[in-house]
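Residue-level structural notes
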Amino acid sequence: MISKFFKYFLTSFIFVYIIFVLLVYFNQEKLVFHPSPNFRMPPKSFEIEQKFIHKTNGDSLMTWWKQNNDLGDTFIFFSGNAGNISGRLFFVEMAQSLGMNILLFDYRGFGLSSGKLQNKEDLFEDSRAAINYLIKNKNIPQEKIVLWALSLGGTIAANLATEYSVKALIFEGVMKSIKDVALESNSFRYKILPLDLILKFDYNAVESVKQLDEPILFLHSKADSLVRYHHAETLYSLVKNSSKEIIPLTGSHQTAHDDSYDIYFEGIRSFLNRLK
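Here goes a summary of the coordinates provided. (Residues numbered from 1 in each chain as written. Predicted model: local features only at pLDDT ≥ 70, side-chain atom pairs only at ≥ 80, totals over all residues. Heavy atoms only, no water.)

Side note on the sheet that holds strand β9 (residues 216-221)
If you walk across this open sheet you meet the 8 strands as β2-β3-β6-β4-β7-β8-β9-β10, and the pairing is mixed. At either end of the open sheet lies a strand with only one pairing partner, and these are β2 (49-54) and β10 (245-249). Neighbour-to-neighbour, the strand axes of the sheet open up by a mean angle of 20 degrees, direction not taken into account. Here strand β8 (residues 168-172) runs beside β9; their pairing, made up of 4 bridges, is parallel. Its bridge partner lying in β9, Phe 171 is registered against Phe 218. (Pairing = 2+ DSSP bridges. Helix = DSSP H or I, 4+ residues; strand = E, 2+ residues; numbered from the N terminus. Axes fitted to C-alpha atoms, helices over the stretch in contact; angles between N-to-C directions.)

Structural notes on the environment of Val 32
With respect to the helices, strands and loops of the structure, Val 32 is situated in helix α1 (residues 2-32). Since its relative accessible area comes to 11%, Val 32 is described here as buried. Separated by 181 residues in sequence, Val 32 and Asp 213 place their C-alpha atoms 30 Å apart. If we ignore the near neighbours within four places in the chain, the residues touching Val 32 are Asn 81 and Ile 178. (Buried < 20%, exposed > 50% of the residue type's maximum accessible area, 1.4 Å probe, protein only. Contact = heavy atoms within 4.5 Å.)

Digging into the side chain of Asn 159
Inspection of the secondary structure puts Asn 159 in helix α4 (residues 153-161). Non-local contacts of Asn 159, meaning those with residues more than four positions away in its chain, are made with Phe 124, Arg 128 and Ser 208.

Structural notes on the side chain of Asn 84
Structurally, Asn 84 is set in the loop between β5 (82-83) and α2 (89-98). Among residues more than four places away in sequence, those in contact with Asn 84 are Ser 36, Asn 38, Phe 39, Asp 106 and Gly 111.

Quick notes on the packing of aromatic side chains
In the structure shown here, the tally under the stated rule is 19 aromatic pairs. Among the aromatic residues, ring-to-ring pairing joins Phe 33, Phe 78, Phe 105, Tyr 107, Phe 110, Phe 124, Phe 201 and Tyr 203 into one connected group. The ring centre of Tyr 25 lies 5.3 Å from the NZ or CZ of Lys 200, which sits over that ring. Note that Lys 244 overlies the ring of Tyr 236, its terminal NZ or CZ placed 4.5 Å from the centroid. (Phe/Tyr/Trp six-rings, centres within 6.5 Å; stacked < 30°, edge-to-face > 60°. Lys NZ or Arg CZ within 6 Å of the ring centre and 35° of its normal.)

In structure tokens form, the structure reads like this:
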């Protein structure tokens, strides 16, 4: 009797577990990415040029371009896994204060960008479209480009930097990998999943950073509970270039740039000045 009950329980558990794994696998895009359905046009006072990058497959990426100098020094801004560029006016203002041009773009499926995320290569492709647009349409040499990335965006920027000779990178709250963040989260479900087998969006900055020779600035809050501070420390240790720096901030993953504004702004300004 006990043996039959145990077999029934074990069979039921395995069946439920397999269903759970399949549900996560086929719905992981919704678990990883949270694009906002609300898009706000930029205020006219910002004088932002808003254009689409049209791709050969018929899809298009929404971009914001703000020119603040004629020398070519330019940021490409990489968002994280949520929202859209219409919520990034803070960074447009930062670029203006720093005298840097800035290109912001929405990944496919975010904001007004069309298309659907199918696998991790899609965001790499979008990032190539953004930098090629700068090089070909704005005549910005890749050696003048600084990649500025938030959170998940750092894994995309790091990959792009292995393919293009950019000037430098700025990593803000950047993760080592999606898998590490999932395992460190408070959600038990991720700890029981075979992530190595089912993770389609297994973004990982570690392998890319190992290949880079560019200067990298890390800005990361020690109070960040979503992407913990040791992510920045690990990536920092892998950077070959001696012009690397890590600046500890305060505040949450989402608010550190506001809560530590003075340190944050001066850190970026000083880093850019050392690149001249």
